[in-house]
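Architecture at a glance
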Protein chains: 2
Amino acid sequence: MVKIPATIKDIAKYTGLSIATISKYLNGGNVLEKNRILIEEAIKALDFEVNEIARGLRTNKTMTIGVLIPVFEVFFNTIVSSLENVLLETGYSVVVCDYRDDEKLEKERLDFLYKKRVDALVVVPTYLKGSDIKKIIKRDIPIVAVDRPIEDFECDTILVNNFEVSYQAVEKLILMGHRKIGIICGPQNIYTAQERLNGYMKAHIDYKISVNEEYIKFGEFHNMESGYKKMIELLEIPNPPTAVFITNYEMTLGAIIAVNEKDIKIPDDLSIIGFDNLEMAKIVKPSLSLVVQPMEEIGEVVASLLLKRLKGDKTDFPLQKKLNAQVLIKNSVKKIT
Amino acid sequence: MVKIPATIKDIAKYTGLSIATISKYLNGGNVLEKNRILIEEAIKALDFEVNEIARGLRTNKTMTIGVLIPVFEVFFNTIVSSLENVLLETGYSVVVCDYRDDEKLEKERLDFLYKKRVDALVVVPTYLKGSDIKKIIKRDIPIVAVDRPIEDFECDTILVNNFEVSYQAVEKLILMGHRKIGIICGPQNIYTAQERLNGYMKAHIDYKISVNEEYIKFGEFHNMESGYKKMIELLEIPNPPTAVFITNYEMTLGAIIAVNEKDIKIPDDLSIIGFDNLEMAKIVKPSLSLVVQPMEEIGEVVASLLLKRLKGDKTDFPLQKKLNAQVLIKNSVKKIT
DNA sequence: TTGTAAGCGTTATCAG
DNA sequence: CTGATAACGCTTACAA
């Protein structure tokens, strides 16, 4: 830990070979058997490791992928994990930054990743627009938008069928006889939150059910207290909904706590469909009906797309793909008449 | 986005000055007013930005701090945020890696950070020992252990008074008349989990209360289901505890759900002290008694220590500091007779 | 104040 | 297969 790590030059001296030969060996080139052995001995003896900074300067590649997410929470964490699982295999590594839902930080962190010379970027944007990206990103590197599109920017984009799956969830409630259906939405400046509300509206329209504005509550993603509060508000409406659709993980958690506290029985007093609530789903009784997003799949799809682009393959650019979430109906929804 | 960013050489050509002068300007050196203006014009015109990789190679500094945490969860996230707030001010940036509580990954990610040539490391270790560190870290960079010490390794270490605060929490329960006190602990290979259990034991010894082994349950940190299960187990003991101390955030969450589900009234049927459960604490009623750790303070202390070490100031090395957590008694604890 | 030139640790070209 | 050498883009004595 005290001595400075050896360089190729040191290995060259130790072995009597040239720098070029050592470098060739390090990059998988052919070397005489006896030299190979010698080099490997030297590497061990001198505790050598490549200086990735120097290599990066020379090759103009850092073998690093930058990932920008709004906040460290289970949905994004899971996607990133799955992304990493694929990418690490191929020698790439991943640097993840969150911007805490903050507009300024979102740009700053993007700039940070760019300055670290990542070879490609994965972005879950909130406020970020095409003009921002163009200002920050000056080299031509692959960029993939995930979960939400980037406004005014042409790039590969991997989304979830938020609209359709929300439609399906609400449709199930309708088909179970519900007519008074509440929804706890996310902020309408977020694409996924919009889409989920739109699905809710469309289902009402298609089934010719009028929408009671009182039943639509706007909470905050990434804040379970807002789920709690909005659920309380819904429950306190004089003519309350018979079913509530909660549109993300954290808010679902808060809503469950509200329901418990008010001593509301599920599904007898109220039917519920939550979102993405995997760990909770195992715990809560009766078992929670859920919209489940394909987080692992998202990560895998993004990773393989990225690898393709990094190889220079621009087929189908800009790719726009929607992955399917599923509605899982369990015991938290009751048929009513 | 198409053109490759300009280099200092380009600026030199544009301005007719030498590379050295441009470099001097970039690093805050004095330059003739008219040259300054010229350089700034060139930078704008050519869209120049320093190549941090090249700079890093030359200065042998990356201005980056590596942070290794077990998992992205609120306790660690909060510490990292606060750390970043300080560090970013000073021009450093932060790369955070989690190892998902995995022994192999813990070493791999440490190696990754090291290979990225971070200038210093912040580590929350689980399995990591001094011998591992010595194997991986070959340059002499500052290392700070946070929340848990590194076994067999001499370095700066910032901890929380887990033992003392757990003692105090249990003591409060005892002073409120409780004699049958349950505890939901974390895995005993984790330092903080050990300390918290030790505090519980010591309080019992000091107050001459015999410990019922049945009341001691071992869950998993970072897994709310384990909190749920262990709480159920405690409640199903024929002679159940009258109070339970739950020793981290995620397990507290699960435990609350278990209590709600079993229709146990807090604090009438059961008294509870949870851990670190800030957001929950706002929601749950009656208001939850808690052990609150000074997460922001930890981040700040670590950051300023780091900056000191990076300046080469080795005063008090190896520093070992314990920060104080607080017991906050609210309405979830009842006096019994 | 400015410029020259060496060098950080690699990779890549091109002889040998 | 191996080696000499020129880059990569920047900083930093040292000289002018």
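Here the structure is a predicted model, which means the values were calculated and not measured. (Residues numbered from 1 in each chain as written. Chains lettered and ligands numbered in written order. Predicted model: local features only at pLDDT ≥ 70, side-chain atom pairs only at ≥ 80, totals over all residues.)

Okay, the overall build of chain A next. From N to C terminus, chain A includes 13 helices and 12 strands. Taken over the C-alpha trace, chain A has a radius of gyration of 26 Å; the compact-globule value for 337 residues is 20 Å, which it surpasses by more than 25%. When the backbone C-alpha atoms are referred to their principal axes, chain A occupies close to 90 × 40 × 30 Å. Here the contacts in chain A between residues at least 6 apart in sequence split such that 71% fall between residues at least 24 apart. (Helix = DSSP H or I, 4+ residues; strand = E, 2+ residues; numbered from the N terminus. Rg over C-alpha atoms; globule rule 2.2 N^0.38 Å. Contact = placed C-beta atoms within 7 Å.)

Split by domain assignment, chain A resolves into domain 1 (8–58), domain 2 (64–160 + 295–323) and domain 3 (162–293). Centre-to-centre, using C-alpha coordinates, domain 1 of chain A lies 61 Å away from domain 3 of chain A. (Domains from an automatic or database assignment.)

Once that is clear, we can look at unusual backbone geometry. Residue and element names in this part refer to chain A. Residues I266 and P267 are joined by a peptide bond in cis, for which omega reads 5°. Mapped onto the elements, P267 comes out in the loop between α11 (249–261) and β9 (271–275). The amide bond that connects K285 to the next residue, P286, takes the cis arrangement and shows omega of 0°. Locating P286 in the fold gives a position in the loop between α12 (278–283) and β10 (289–292). Not every positive phi belongs to a glycine, and D316 is a case in point at roughly 65°. Looking at the element boundaries, D316 is found in the loop between α13 (295–310) and β11 (320–323).

Okay, the packing of helix α1 (residues 8–15) of chain A against helix α3 (residues 33–46) of chain A next. All names here are of chain A. Put simply, α1 and α3 touch, their axes get as near as 9 Å, and they point 120° apart. Judged by the angle between their axes, α1 and α3 are oblique. Of the two possible hands of crossing, α1 and α3 adopt the one that is right-handed. For the pair α1 and α3, the contacting residues are D10, I11, Y14 and T15 in the first and L38, I39, A42, I43, A45 and L46 in the second. The residue makeup of the contact of α1 with α3, split by class, is eight nonpolar, one polar and one charged. (Axes fitted to C-alpha atoms, helices over the stretch in contact; angles between N-to-C directions. Parallel < 35°, antiparallel > 145°, perpendicular 65-115°, else oblique. Left-handed = near helix turned anticlockwise from the far one by under 90°. Nonpolar A, V, L, I, M, F, W, Y, C, P; charged D, E, K, R; others polar.)

Let's shift gears to the relation of the copies chain B and chain A. Note that the two copies of the chain are related through a rotation about an axis and a translation along the same axis. For these two chains of identical sequence, chain B goes onto chain A by a turn of 180° and a shift of 0.1 Å along the axis, with RMSD 0.1 Å. With respect to symmetry, the two chain copies, as superposed, fit the operation of a two-fold axis. Of the interface residues in chain B, 100% have counterparts in chain A that sit at the interface too, so the contact is made through matching surfaces. (Least-squares fit on C-alpha atoms with pLDDT ≥ 70 in both.)

All names here are of chain A. With respect to topology, six strands assemble into an open sheet ordered β7-β6-β8-β9-β10-β12, the strand pairing being mixed. If you trace the sheet from one side to the other, it starts and ends with β7 (216–218) and β12 (326–328), each paired once. Each strand of the sheet is rotated relative to its neighbour by a mean of 15°, with strand direction disregarded. Strand direction decides the pairing type here: strand β6 (residues 181–185) and strand β8 (residues 243–246), joined by four bridges, are parallel. By the bridge assignment, I181 is partnered in β8 with A243. (Pairing = 2+ DSSP bridges.)

To continue, consider the interface of chain B and chain A. Taken together, the contacts link 36 residues of chain B with 36 residues of chain A. Secondary structure elements with two or more residues in the side of chain B that touches chain A: α4 (52–59), β2 (93–98), α6 (103–115), α10 (224–236), α11 (249–261) and α12 (278–283) of chain B. Residue contributions to the side of chain B that touches chain A peak at five residues, all from α4(B). A per-class count over the side of chain B that touches chain A returns 17 nonpolar, five polar and 14 charged.

To continue, consider the protein's contact with DNA strand C. With respect to spatial proximity, 27 residues lie near DNA strand C, and among them I8(A), N51(A), A20(B), N30(B) and L32(B) are the closest. When contributions to the surface near DNA strand C are tallied by element, the ones reaching two or more residues are α1, α2 (19–26) and α4 (52–59) of chain A together with α2 (19–26) and α4 of chain B. Counting residues per element, the surface near DNA strand C draws most heavily on α4(A), which supplies five residues. The residue inventory of the surface near DNA strand C, partitioned by class, reads 13 nonpolar, nine polar and five charged. (Near = placed C-beta within 6 Å.)

Near DNA strand D there are 28 residues, and of these S18(A), A20(A), N30(A), L32(A) and I8(B) occur at the shortest range. Taken together, the elements giving at least two residues each to the surface near DNA strand D come down to α2 and α4 of chain A together with α1 (8–15), α2 and α4 of chain B.

Before going further, it helps to spend a moment on the UniProt feature "domain: HTH lacI-type" (unreviewed entry) in chain A. Mapped onto the present numbering, the UniProt feature "domain: HTH lacI-type" (unreviewed entry) falls at residues 6–59 of chain A. Across residues 6–59 of chain A, helical content stands at 70% and strand content at 0%; the span's end C-alpha atoms are separated by 20 Å. (UniProt positions renumbered as here; feature names shortened; annotations may be inferred.)

Pairing between sheet strands relies on hydrogen bonds along the backbone, with the strands arranged either parallel or antiparallel. Residues and elements named next belong to chain B. Across the sheet, which stays open at both edges, the six strands sit in the order β7-β6-β8-β9-β10-β12 with mixed pairing between neighbours. The outermost strands of the open sheet, each flanked by one partner alone, are β7 (216–218) and β12 (326–328). Between one strand axis and the next, the sheet turns by 15° as a mean value, whatever way the strands run. Bridge analysis of strand β10 (residues 289–292) against β12 gives three bridges, and the strand direction is antiparallel. In the strand pairing of β12, L290 is matched with L328.

This part takes up the pairing of strand β1 (residues 64–69) of chain A. Residue and element names in this part refer to chain A. Among the six residues in β1, six count as buried, and that is most of the element. Along β1, one buried face is formed by T64, G66 and L68 and the opposite face, lined by I65, V67 and I69, is buried too. Crossover connection from β1 via helix α5 (residues 74–89) to parallel strand β2 (residues 93–98): handedness right-handed. (Buried ≥ 20, exposed ≤ 12 C-beta atoms within 10 Å, placed from the backbone. Right-handed = clockwise from strand over helix to strand, strands pointing away.)

This part takes up the pairing of strand β5 (residues 156–160) of chain A. Residue and element names in this part refer to chain A. A large share of β5 lies buried, amounting to four of its five residues. By the bridge criterion, three bridges tie strand β4 (residues 143–146) to β5 in an arrangement that is parallel. Along β5, the bridge assignment pairs V146 with I158. Bridge count for β5 against β11 is four bridges, and the pairing is parallel. Across the sheet, the residue bridging to L159 is K322, located in β11.

What follows covers the environment of K115(B). Relative to the assigned elements, K115(B) resides in helix α6. K115(B) sits 22 residues away from I137(B) along the chain, and the two C-alpha atoms are 9.0 Å apart.

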